[in-house]
Amino acid sequence: NYAFNASAATSITAKINGAVGDYAFYDQRNVSAVNISADDSNITSLGSYAFSRFGSNRATPESNVIELDFRNSSFSTINSYAFGGDSSSSSYRNKYMKIRLPSSVATISANAFRYTDHCDFYFYKSTPPTLSATTCWQNATNYKIFVPFGSINAYKTATNWTEEADNIVGFAEAG
C-alpha cells in the first residue's frame, strides 16, 4: 500500500510479482514512460486507487499513450478507482491509456474506470466479468471496451454492461 504514491517519477520500469496494494502507484501524474512487462509480471491482486491519477500531467498524452499490459497476471477483482481518476479535474484524470486486463478478472467494482479519457480497455475473458454497478465508467469520455470478437453480444447484454454497449468493440489478436 502507498508504495510509490505521489512520487515525481517520469518513467517506471517494473517486474511485479504479487499484490499491488491500495494507492500503490496513485498520483503518478508526471509519468510518461511505463514498462511493466506482461511476460515478467504476475499481479495477483490489485488494490483500490492502484493506478489512479496515472500519467495525467504528461506532455502531449495523445501522442504518448501509456500501455499497461496485465494479460499474464492473475488478479480476479478490479477494485474502485484502480484505473480511474477520482476527480473531474483534468490533472487527475487518467487519459490516453491502453489497459490490457487478464482473463482472470471476475469482478469489477464501482468507479473502477471513472474519469478516464481516451482510454482503451481490453478484456480477454470470453464471459463478461460481473460489474458491481453501472458506475464503473462513470464520467469517462471517448473510451472503447475491446472484448473477444465471439463474445460481443454476451458483453453487450450482460447485467450492468448494457449501458456500455455503444462502447464495446470486438477484437481478434493476430497469432
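So, here is what we can say about the structure in this document. (Residues numbered from 1 in each chain as written. Predicted model: local features only at pLDDT ≥ 70, side-chain atom pairs only at ≥ 80, totals over all residues. Heavy atoms only, no water.)

1. Here's the deal with the overall build of the protein chain
Phase 1 of the analysis: Within the protein chain, the regular secondary structure consists of 1 helix and 14 strands.
Phase 2 of the analysis: At 15 Å, the protein chain has a C-alpha radius of gyration in line with the 16 Å of a compact globule built from 175 residues.
Phase 3 of the analysis: Dimensions of the protein chain along its principal axes, counting C-alpha atoms only, are 45 × 35 × 30 Å.
Phase 4 of the analysis: Counting across all 175 residues of the protein chain, residues that qualify as buried make up 48%.
Phase 5 of the analysis: At a minimum sequence separation of 6, the contacts of the protein chain that also span at least 24 residues come to 64%.
Phase 6 of the analysis: In the protein chain, 13 side chains carry a positive charge and 14 a negative one; their mean positions are 2 Å apart. (Helix = DSSP H or I, 4+ residues; strand = E, 2+ residues; numbered from the N terminus. Rg over C-alpha atoms; globule rule 2.2 N^0.38 Å. Buried < 20%, exposed > 50% of the residue type's maximum accessible area, 1.4 Å probe, protein only. Contact = heavy atoms within 4.5 Å. Lys, Arg positive; Asp, Glu negative; His and termini not counted. Charge placed at Lys NZ, Arg CZ, Asp CG, Glu CD.)

2. Points about the packing of aromatic side chains
Phase 1 of the analysis: As enumerated under the stated definition, the model contains 28 aromatic pairs in all.
Phase 2 of the analysis: Both rings, one in Phe 51 and one in Phe 70, keep their centres 5.6 Å apart while their planes meet at 45°; by these two values the pair is tilted. On the criterion of sequence distance, the pair formed by Phe 51 in the loop between β4 (42–46) and β5 (66–69) and Phe 70 in the loop between β5 and β6 (77–78) is long-range, its members being 19 residues apart. The burial state of Phe 51 is the same as that of Phe 70; both residues are buried.
Phase 3 of the analysis: Considering the side-chain rings of Tyr 124 and Phe 171, the 5.4 Å spacing of their centres and the 80° angle between planes classify their relative orientation as edge-to-face. Remark: Phe 171 occurs in strand β14 (residues 168–171) and Tyr 124 occurs in the loop between β11 (120–123) and β12 (130–131); sequence separation between them is 47 residues.
Phase 4 of the analysis: Taking NZ or CZ as reference, Arg 53 lies 3.5 Å from the ring centre of Tyr 92, over its face.
Phase 5 of the analysis: Against the face of Tyr 122 rests Arg 100, its NZ or CZ located 4.5 Å from the ring centre. (Phe/Tyr/Trp six-rings, centres within 6.5 Å; stacked < 30°, edge-to-face > 60°. Lys NZ or Arg CZ within 6 Å of the ring centre and 35° of its normal.)

3. Comments concerning the nonpolar core
Phase 1 of the analysis: By size, the foremost hydrophobic cluster in this structure holds 41 residues, and its most contacted members are Phe 51, Phe 83, Phe 123 and Trp 137.
Phase 2 of the analysis: Within the residue set of this core, elements represented by two or more residues are β1 (11–14), β4, β5, β8 (97–101), β11 and β13 (144–148).
Phase 3 of the analysis: Of the residues forming this core, the biggest block, 3 residues, is contributed by β8.
Phase 4 of the analysis: Residue contacts for Trp 137: discarding those within four places in its chain leaves Phe 113, Thr 116, Phe 121, Phe 123, Leu 131, Tyr 143, Ile 145, Trp 161 and Glu 164. (Core = buried A, V, L, I, M, F, W, Y, C linked by side-chain atoms within 4.5 Å.)

4. Digging into the environment of Ile 99
Phase 1 of the analysis: With respect to the helices, strands and loops of the structure, Ile 99 is situated in strand β8.
Phase 2 of the analysis: A sequence separation of 32 residues divides Ile 99 from Glu 67, and the C-alpha atoms of the two residues are 5.9 Å apart.
Phase 3 of the analysis: When residues no more than four places from it in sequence are discounted, the contact partners of Ile 99 are Leu 68, Phe 83, Asp 120, Phe 121 and Tyr 122.

5. Regarding the pattern of salt bridges
Phase 1 of the analysis: Throughout the structure, instances matching the rule amount to 6 salt bridges.
Phase 2 of the analysis: When the shortest N-O distance is used, the salt bridge between Asp 117 and Arg 93 registers 2.7 Å. Note that Asp 117 is positioned in strand β10 (residues 116–117) and Arg 93 in the loop between β6 and β7 (94–95), a separation of 24 residues in sequence. The pair Asp 117 / Arg 93 is uniform in exposure class, with both members buried.
Phase 3 of the analysis: Taken together, the shared-partner salt bridges in this structure form one network comprising Asp 27, Arg 29, Arg 53 and Asp 86. (Salt bridge = Lys/Arg side-chain N within 4 Å of Asp/Glu carboxyl O.)

6. Considering unusual backbone geometry
A negative phi angle characterises most non-glycine residues, just as the trans form characterises most peptide bonds.
Phase 1 of the analysis: A positive phi is found at Tyr 81, a non-glycine position, where the angle reads about 60°.
Phase 2 of the analysis: Tracing the sequence through the fold places Tyr 81 in the loop between β6 and β7.
Phase 3 of the analysis: Phi angles above zero are rare outside glycine, and Asn 160 is one such case at about 70°.
Phase 4 of the analysis: Among the structural elements, Asn 160 can be located in the loop between α1 (152–157) and β14.

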